[in-house]
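A closer look at the structure
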Amino acid sequence: MDVQVSSVAERPDRLRAVFEMADTWPEFVTNDPVGTAHYGRIASELPEYALFAEDAHGEIVAHAFSVPFALGLDGRGVLPARGWDQILLWAFADLRHGTRPDTVSAVSVTIAPHAQGHGLSAVMLSAMRAGARARGFREVVAPVRPSAKHREPHTPIAEYVHRTRPDGLPADPWLRVHARAGARIDSIAPASMTVGASLEEWRRWTGLPFDTAGDVEVPGALVPVRCEPERGYAVYVEPNVWMRHAL
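Residues numbered from 1 in each chain as written. Predicted model: local features only at pLDDT ≥ 70, side-chain atom pairs only at ≥ 80, totals over all residues. Heavy atoms only, no water.

Thoughts on the overall build of the chain
We apply this condition: Note on conventions: DSSP H or I runs of at least 4 residues are helices, E runs of at least 2 residues are strands, and numbering of each starts at the N terminus. Radius of gyration: over C-alpha atoms. The globule rule applied is 2.2 Å multiplied by the number of residues raised to the 0.38 power. Three exposure classes are used, based on accessible area relative to the maximum for each residue type with a 1.4 Å probe and protein chains only: buried under 20%, partly exposed in between, and exposed over 50%. Note on definitions: a residue-residue contact is assigned when non-hydrogen atoms from the two residues lie within 4.5 Å. Here the accessible surface of atoms and residues is derived via Shrake-Rupley with a 1.4 Å probe, and residues count as covered only by protein chains that are part of the display. His is not counted here, nor are the chain ends, while Lys and Arg score as positive and Asp and Glu score as negative. Here the site of a charge means NZ on Lys, CZ on Arg, CG on Asp, or CD on Glu.
Assigned secondary structure in the chain consists of 8 helices and 9 strands. Relative to the globule expectation of 18 Å for 247 residues, the C-alpha radius of gyration of the chain, 18 Å, shows essentially globular dimensions. Here the C-alpha coordinates of the chain stretch approximately 50 × 45 × 45 Å along the principal axes. Here the chain holds 247 residues, and the buried ones make up 50% of them. Put simply, 72% of the contacts in the chain that link residues at least 6 apart link residues at least 24 apart. With an accessible surface of roughly 11700 Å², the chain has 51% of that area assigned to carbon and sulfur atoms. Averaging the coordinates of the 25 positive side-chain charges in the chain and doing the same for the 30 negative ones gives two points 5 Å apart.

Printed below as a string of structure tokens:
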């Protein structure tokens, strides 16, 4: 699929269309409180890091968001166990305090449902890397959400992530895209995203009863959701995989 990749900084007129693009994210993922507070700020406060792709008809078929942050700041230095959530918190704290960033982290790559299967994820990842390189960064990191892990919610992430094909590339498709782009696995982010909500909210998001204590398998979840009926809530703690792209 031939596409034109631009940033919201270059094309602010397309901002609304970027956010209106259809996607396939499970609803509970979009209710992570850190993401709710900060994800939408990327396009408005860091528009050069909000990329989107248009097809030949001008329809937006993909977008990719990233954030700059200071990994080398005192008290940091290593990629955080709280992954996706922590990176957003760090990035906007650095922006607020005027801290000079030294690293770019991927935040999301989203492909419109009808455009999936055409290699756009690799296109958007490449554009993200190129943008970071052009701004003088030497590394892009990514808290990767393995795209097929939801099929095996009870498999430990540390076991899943090291599965490879005969050619040596990761068995997981999204990890494989990163590996083909030159990334290496750094570590596991065991609590990359945390979604805690009332049982009523979980029922609304998933259509499941959430009336039994223990682990609940939820479509699209990488690990089971922990249900606590007596306390009236359930909690999802998603693991991701940190990958590092040298530029």
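Overview of the pattern of salt bridges
Worth spelling out the cut-off: A side-chain nitrogen of Lys or Arg and a carboxyl oxygen of Asp or Glu constitute a salt bridge if their distance falls within 4 Å.
Inspection of the entire model under this criterion finds 17 salt bridges. Between E20 and R16 there is a salt bridge, and its shortest N-O distance comes to 2.8 Å. With E20 and R16 both in helix 1 (residues 15–20), this residue pair falls 4 residues apart, about one helical turn. One exposure class covers both E20 and R16, and it is exposed. A single network of salt bridges, built from pairs that share partners, joins R11, D13, R14 and E54.

Things to note about the layout of surface pockets
For clarity, the cut-off: Lining residues are those with an atom within 4 Å of a point, where the points come from a 1 Å grid over the protein atoms alone and group into cavities, where a 1.4 Å probe fits but cannot get out, or pockets, open sets with protein on both sides within 12 Å along at least five of seven lines. Grid points are joined across faces, edges and corners, and a volume is the space filled by probe spheres set on the points. Throughout, the ten residues Ala, Val, Leu, Ile, Met, Phe, Trp, Tyr, Cys and Pro are labelled nonpolar, Asp, Glu, Lys and Arg are labelled charged, and all others, Gly among them, are labelled polar.
The space that makes up the largest pocket amounts to roughly 1400 Å³. Residue assignment for the lining of the largest pocket shows that the elements contributing at least two residues are helix 1, helix 2 (33–38), strand 3 (60–69), strand 4 (103–111), helix 5 (120–134), strand 5 (139–144), helix 7 (173–180) and strand 9 (233–246). When residues of the lining of the largest pocket are assigned to their parent elements, the largest contribution, 6 residues, is made by strand 4. Partitioned by chemical class, the residues of the lining of the largest pocket number 26 nonpolar, 17 polar and 6 charged.

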